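# Coordinates in review
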Amino acid sequence: MPAFKPPFIPSSEITPKGLYLGRRHFMAGAGAIGLAGIAPPALAALNAKKTDYVVGDTITPKEDATTYNNFYEFGTGKGDPAAYSGDFKPFPWKIKVDGMVAKPMEFDVEELIATLPLEERVYRFRCVEAWSMVLPWTGFMLSDLLQKVEPLGSAKYVDFRTAVRPDQMPGVNYPILEWPYREGLRLDEAMHPLTLMAVGIYGDKLPNQNGAPIRLVLPWKYGFKSIKSIETITLTDTQPQTSWNMAAANEYGFYSNVNPERDHPRWSQASERVLGTGGGFFGGGDRRDTEMFNGYGEQVASLYAGMDLIENY
Ligand SMILES: Nc1nc2c(c(=O)[nH]1)N[C@H]1C(S)=C(S)[C@@H](COP(=O)(O)O)O[C@H]1N2
Ligand SMILES: [Mo]
């Protein structure tokens, strides 16, 4: 794996001095967040270290990021996830990690929150629909979780699946997509330090509509790769099926790296609307040019050295 070189402004420039604690891997105090069995409100104070991985732009207002969502398990409208996820119960929650690993395990998410090093990371998030946000996530590196199960040498990919709960997720009662929602990564992408398992946003636990209690965040890929409310993670030697590729293979490939030079068959990917800068649901607001790998090329381009990224979209 290449050495990591953050191109972003140092977090010391944007963070009150007392909160800036140096390198990552600051351990959240086990007592500070609470272990399994504590009611969800106890998670509100996520004890996270401010991180070096910070994008310099203005953070999108919370109101926008929590009311303009894609989470088809709760409906296809942008307002549906906020409106229809009230019955969803994100705690207690078990996440299973199995497949080509030496030690398949099931983890309680509140225990992971209490024991893995949490960081707050401000990432630009670019949806395939040509809009973007800048969001302060709290989470831990997926690599920290995968190391616990000891991936076998034969494992080459990681398959992720969302929970399917017809009584709590109204959308899964309709054949909008093939349920469960699924995503996949190559193992080296999964192990990359930018790959975050988010458990919070805006310093608080994840709202249901944003993927509670645990979701992936991949800042260099289109938003749909960042699968929400994950229940199983399976290591495999074959490229996993992914929901959007199954729905429309010519529009959504396995890689789905942000690429301004590879237009979606139905629209341009050269620029994006910046959400939260005016215009709301109906367009308007600032536009910015889309960057290759969403601006994270310095960290991730080497993962794709020698690959044709128009062909491998
Ligand atoms: N399980 C699941 N995960 C999902 C989706 C979904 O419909 N179901 N939508 C994806 C898409 S298209 C995007 S852009 C992001 C949106 O995340 P946000 O609502 O927190 O901004 O979630 C992704 N993860
Ligand atoms: Mo998206």
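Preceding this paragraph is the structure being described.
Residues numbered from 1 in each chain as written. Chains lettered and ligands numbered in written order. Predicted model: local features only at pLDDT ≥ 70, side-chain atom pairs only at ≥ 80, totals over all residues. Heavy atoms only, no water.

Time to look at the pairing of strand β12 (residues 271-274). Two faces belong to every sheet, and in a regular strand the side chains alternate between them. Inspection of the sheet shows strand β5 (residues 131-141) paired to β12 by two bridges, in the parallel sense. Note that in β12 the partner of W131 across the bridge is R273. Here β12 pairs with strand β13 (residues 287-289) via three bridges, running antiparallel. Residue pairing across strands places S271 opposite D289, the latter belonging to β13. (Pairing = 2+ DSSP bridges. Helix = DSSP H or I, 4+ residues; strand = E, 2+ residues; numbered from the N terminus.)

Attention shifts here to the side chain of E73. One can find E73 in the loop between α2 (62-65) and α3 (80-84). Excluding anything up to four places from it in sequence, E73 contacts T162, M169, P170, G171, V172, W179 and Y181. (Contact = heavy atoms within 4.5 Å.)

Among the 17 residues in the neighbourhood of ligand 1, the closest are listed as N69, Y72, E73, R215 and K228. N69 places a polar side-chain atom, nitrogen or oxygen, 2.8 Å from an oxygen atom of ligand 1. With respect to ligand 1, the backbone of N70 contributes an N or O atom lying 3.2 Å from a nitrogen atom. Compared with its free state, where it exposes 540 Å², ligand 1 has 98% of that area covered by protein. Of the residues contributing to the shell around ligand 1, the split by class is eight nonpolar, six polar and three charged. (Near = heavy atom within 4 Å. Polar contact = N/O pair within 3.5 Å; in protein donor to acceptor, adjacent residues only side chain to side chain. Areas by Shrake-Rupley, 256 points an atom, 1.4 Å probe, with all protein chains shown as cover. Nonpolar A, V, L, I, M, F, W, Y, C, P; charged D, E, K, R; others polar.)

So, on to the packing of aromatic side chains. Following the criterion strictly, the structure yields 13 aromatic pairs and no others. Ring geometry for F254 against Y255: centres 5.3 Å apart, planes inclined by 85°, an arrangement best described as edge-to-face. Here F254 and Y255 have matching classes, each one buried. An aromatic cluster is built from Y157, F254, Y255, F293 and Y304, whose rings are joined through pairwise contacts. (Phe/Tyr/Trp six-rings, centres within 6.5 Å; stacked < 30°, edge-to-face > 60°. Buried < 20%, exposed > 50% of the residue type's maximum accessible area, 1.4 Å probe, protein only.)

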